[in-house]
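# Summary of the model geometry
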Amino acid sequence: MFMYLPIALTSVNYMVVVGLGLAVGLLSGLFGVGGGFLMTPLLMMIGIPPTIAAATDANQIVAASASGTLAHWRLGNVDVKMGLYLLVGGFLGGAGGVHVIKILRATGGADFLIKMTYVIMLGVVGAFMFVESLNAMRKTKANAGKEPEAAPVKKSGGLLSKLPMQTVFEKSGVTHSAILPLALGTFVGVLAAIMGVGGGFLMVPVMIYLLRMPMHVVVGTSLFQIMFTCTEVTFLQSYSNHTVDFLLALLLLIGSVFGAQIGTILGRKLQGEQLKILLSIIVLAVTVKIVLELVMEPSLLLAYAGGH
Amino acid sequence: MLRIKVSMNGLVSLLAGILFVGMALSAVPAQALTCKVAPNEIPINLMYNGATLTVTGVSAPGDDLIVKVSSKTTDVHLKYKGKASGLFWMKMGNMEFKNVPNVYMLYSTGSINNLLDAEGRAANMIGYDAIRAGSEMERSDGVEVESKWFDEFLKFKKTEKLYSSQEGTIVRKQSAAGNEFSMQVAWPFQAPPATYTVDVYAVRDGKVVDQSSAPITVAQAGIVKQLSGMAFNNSAVYGVLAVIIAMVAGFAVGAVFKGGGSH
């Protein structure tokens, strides 16, 4: 039942690792998030060093997101145009974020900023999604029985509609300036690089609330974009830091590719608002866990270098 | 005659000397201490989850035994945690523990502090206090490190299963070969590839009277060695392969499921 990981230099029960992959892959297919914000702490709990956990997680997310993207592609849920704009922004932001972290590490303020960004972003995103989804579900109940209106193409309002390069994103049924997804992609990229995560849990709310895309297209498009982001991260981490443990990634992806497919099927059976409220509960639970870890004295006051 | 008398005196002195040496030698064990480890080579292969080693040998009857399994001393770099802004626990900086073994396991026939005097423990680095005495601690910001951090270091190493101390775990029996001893070592998978040493000390009246050693070699083998070599020596190929295999696996499972349908 045990397998030795050549880069993590540790032995793990491979059934546990496959199980973790399955669980996080399920969330990936369900919500369109890579699951890095969940998987990395889970891997650390079973003894994987933090830097290896984060880098290897990116490798398995390539598999889970490829599996999920294909499933959503067949369902017509991938807005390639929007995904590419966000991707370009994400790459630019990611490069900028990495630079910010380098400067902060040199000045010694990095760890504090990373932890605080994590707590604030997760807390704000989780709480906002939870309240918003709850209100939307109440409204749906109140409007039950009424004739549904035909969904018009949504446009940016106010100042955003005056931005140049207005373009129609047909699959999502929205019209925005191309600058908007580029800028939002950059913003998420910066935060994702600072926090050391893929940024799916930030990108999903950005697509829903700021780009006003329908939930199911959000999930497919997010996975499409995550697949490319994690491909870049996997290669760079392997090449520069030697922190990708391929055997560990293989065990995780055996679980996650199946989990992503099951998640996609389950997602079709749930309403958009139900999906949002479930994701917000998971995000809030992770926030509470991080806050508790920050406030309570750890059992060990020494740790290996690397990670947050 | 006088010359013969002198020679007789010399002979007596010689005999007395031999007798004295013989008495002195009786303080040395009648049976030389031996030590053997099986297996003495541990291959880290795909299904590796640590190993069970057996240490055997013979010793003089009546001698107590202390067995030390350790790596060479080195400098261990760790991060220390503290309260940032007086509120949140997080990693604050680097802490270096100098001249400490990375792996240290101790076994004995009884309470080590009762078996061996402080001088003997310090000279042979036996016991955590001996490691503490021979080590130094340094913080990255130059602030003096309080002694409680060595206790934290021990706690960390014990949690990692790299440090342990078990008294009274050595089994002894009389056989045709003499006064045999044997014990088992649960070798932790956390111990990195390296050469380690098993030192057996025979102890009498608070002093070490004999010592025997044997090496243990821990090395990566098979696919573990190949993957590790590729990750560090051909990192670009490793990275590309990791991405391609992940993507192919993802698409392949996606294609097999065909759970889609039209929207």
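Quick notes on the rules
Residues numbered from 1 in each chain as written. Chains lettered and ligands numbered in written order. Predicted model: local features only at pLDDT ≥ 70, side-chain atom pairs only at ≥ 80, totals over all residues. Heavy atoms only, no water. Helix = DSSP H or I, 4+ residues; strand = E, 2+ residues; numbered from the N terminus. Buried < 20%, exposed > 50% of the residue type's maximum accessible area, 1.4 Å probe, protein only. Contact = heavy atoms within 4.5 Å. Areas by Shrake-Rupley, 256 points an atom, 1.4 Å probe, with all protein chains shown as cover. Expected span 1.5 Å × (residues − 1). Phe/Tyr/Trp six-rings, centres within 6.5 Å; stacked < 30°, edge-to-face > 60°. Lys NZ or Arg CZ within 6 Å of the ring centre and 35° of its normal. Polar contact = N/O pair within 3.5 Å; in protein donor to acceptor, adjacent residues only side chain to side chain. Buried area = accessible area lost by both parts, 1.4 Å probe. Salt bridge = Lys/Arg side-chain N within 4 Å of Asp/Glu carboxyl O. Nonpolar A, V, L, I, M, F, W, Y, C, P; charged D, E, K, R; others polar. Pairing = 2+ DSSP bridges. Axes fitted to C-alpha atoms, helices over the stretch in contact; angles between N-to-C directions. Left-handed = near helix turned anticlockwise from the far one by under 90°.

### Some points on the overall build of chain B
In terms of helices and strands, chain B carries seven helices and 13 strands. Looking at chain B as a whole, 40% of its 263 residues qualify as buried. Within chain B, counting contacts between residues at least 6 apart in sequence, those at least 24 apart form 69% of the total. In the structure as shown, chain B presents an accessible area of about 13,900 Å², 58% of it carried by carbon and sulfur atoms.

### Overview of helix H5 (residues 148-159) of chain B
Along an α-helix, a turn takes 3.6 residues, which lines up residues three or four apart on a common side. Here H5 of chain B spans 17 Å end to end across twelve residues, near enough to the 16 Å set by a 1.5 Å rise per residue. By the burial criterion, the buried members of H5 of chain B are Trp-149, Phe-150, Glu-152, Phe-153, Leu-154, Phe-156 and Lys-157 of chain B. Tucked inside the fold, the buried residues of H5 of chain B contact strand E6 (302-303) of chain A together with strand E5 (73-84), strand E6 (88-101), helix H4 (128-134), strand E8 (136-139) and strand E9 (163-167) of chain B.

### Comments concerning the packing of aromatic side chains
Each pair of aromatic rings is reported with the distance of its centres and the angle of its planes. By the definition in use, this model includes 14 aromatic pairs over all chains. On the numbers, 4.5 Å between centres and 20° between planes, the contact of Phe-97 of chain B with Phe-153 of chain B is stacked. Here Phe-97 of chain B, found in strand E6, pairs with Phe-153 of chain B, found in helix H5; they are 56 residues apart in sequence, far enough to count as distant. In this structure, Phe-97 of chain B and Phe-153 of chain B share a single accessibility class: buried. Aromatic ring contacts, followed pair by pair, group Phe-97, Tyr-104, Tyr-128, Phe-150, Phe-153 and Tyr-163 of chain B into a single cluster. For the cation-ring pair, Lys-81 of chain A lies above Phe-169 of chain A, with the distance from its terminal atom to the ring centre recorded as 5.2 Å.

### As for the environment of Thr-169 of chain B
All names here are of chain B. By the secondary structure assignment, Thr-169 is in the loop between E9 and strand E10 (171-175). Residue Thr-169 is classed as partly exposed on the basis of its relative accessible area, which comes to 30%. Between the C-alpha atoms of Thr-169 and Met-183, which are 14 residues apart in sequence, the distance is 6.8 Å. Once you skip the residues sitting within four places of it in the chain, Thr-169 turns out to touch Tyr-107, Ser-108 and Met-183. Polar contacts involving the side chain of Thr-169 include one to the main-chain carbonyl oxygen of Gln-166, which spans 3.3 Å.

### Quick notes on the interface of chain A and chain B
Frequently, the measure chosen for interface size is the accessible area that the parts lose on association. Facing 56 residues of chain A, the contacting portion of chain B comprises 57 residues. The junction of chain A with chain B conceals about 5,200 Å² of combined surface from both sides, 71% of it contributed by carbon and sulfur atoms. Our enumeration of links across chain A and chain B arrives at zero salt bridges. The element best represented in the side of chain A that touches chain B is helix H9 (residues 246-269) of chain A, accounting for nine residues. Among the residues making up the side of chain A that touches chain B, the classes are represented as 35 nonpolar, 14 polar and seven charged. Across two bridges, the pairing between E6 of chain A and E5 of chain B is antiparallel.

### Regarding the pairing of strand E12 (residues 194-204) of chain B
All names here are of chain B. By the bridge criterion, seven bridges tie strand E4 (residues 64-70) to E12 in an arrangement that is antiparallel. From the neighbouring strand, Val-67 faces E12, where its bridge partner is Val-200. In the sheet, E12 pairs with strand E13 (residues 207-220) via eleven bridges, with the strands oriented antiparallel. Of the residues in E13, the one forming a bridge with Ala-194 is Val-218. Connecting E12 to the next strand, E13, in antiparallel fashion are two residues, including Asp-205 with a positive phi near 50°.

### Things to note about unusual backbone geometry
Residue and element names in this part refer to chain B. Ala-38 connects to Pro-39 through a cis peptide bond whose omega is -10°. By the secondary structure assignment, Pro-39 is in the loop between strand E1 (36-38) and strand E2 (41-44). Even without being a glycine, Lys-161 presents a positive backbone phi close to 65°. With respect to the helices, strands and loops of the structure, Lys-161 is situated in the loop between H5 and E9. Of note in the backbone geometry, Asp-205 takes a positive phi value of approximately 50° without being a glycine. Among the structural elements, Asp-205 can be located in the loop between E12 and E13.

### A short note on helix H2 (residues 36-45) of chain A
Among the residues of H2 of chain A, Gly-36, Phe-37, Leu-38, Met-39, Thr-40 and Leu-43 of chain A are the ones counted as buried. Where H2 of chain A ends, the next residue or the one after it, Gly-47 of chain A, has phi of about 100°, a positive value.

### Here we look at the pattern of salt bridges
Residue and element names in this part refer to chain B. Enumeration over the complete set of coordinates arrives at seven salt bridges over all chains. As a salt-bridge pair, Glu-138 and Lys-98 come within 2.9 Å of each other at their nearest N and O atoms. Of the two residues, Glu-138 is situated in strand E8 and Lys-98 in strand E6; the sequence distance between them amounts to 40 residues. A salt bridge links Asp-141 to Arg-139; the nearest nitrogen and oxygen atoms lie 2.8 Å apart. Taking relative accessible area as the criterion, Asp-141 reaches 45% and is therefore assigned partly exposed. Connected through salt bridges with shared partners, the residues Asp-129, Arg-132 and Asp-151 form a single ionic network.

### Some thoughts on the sheet that holds E8 of chain B
The antiparallel open sheet is built from four strands, whose spatial order is E6(A)-E5(B)-E6(B)-E8(B). In this open sheet, the two edge strands, each paired with only one partner strand, are E6 of chain A together with E8 of chain B. Strand direction decides the pairing type here: E6 of chain B and E8 of chain B, joined by four bridges, are antiparallel. Directly across from Glu-96 of chain B, in E8 of chain B, lies its bridge partner Glu-138 of chain B. Of the strands in this sheet, E6 of chain A together with E5, E6 and E8 of chain B touch H5 of chain B, which is tilted by about 85° from E6 of chain B.

### Focus: the packing of helix H1 (residues 14-31) of chain A against H9 of chain A
The N-to-C vectors of H1 of chain A and H9 of chain A enclose an angle of 35°; their axes lie 5 Å apart at closest approach. Handedness of the H1 of chain A/H9 of chain A crossing: right-handed.

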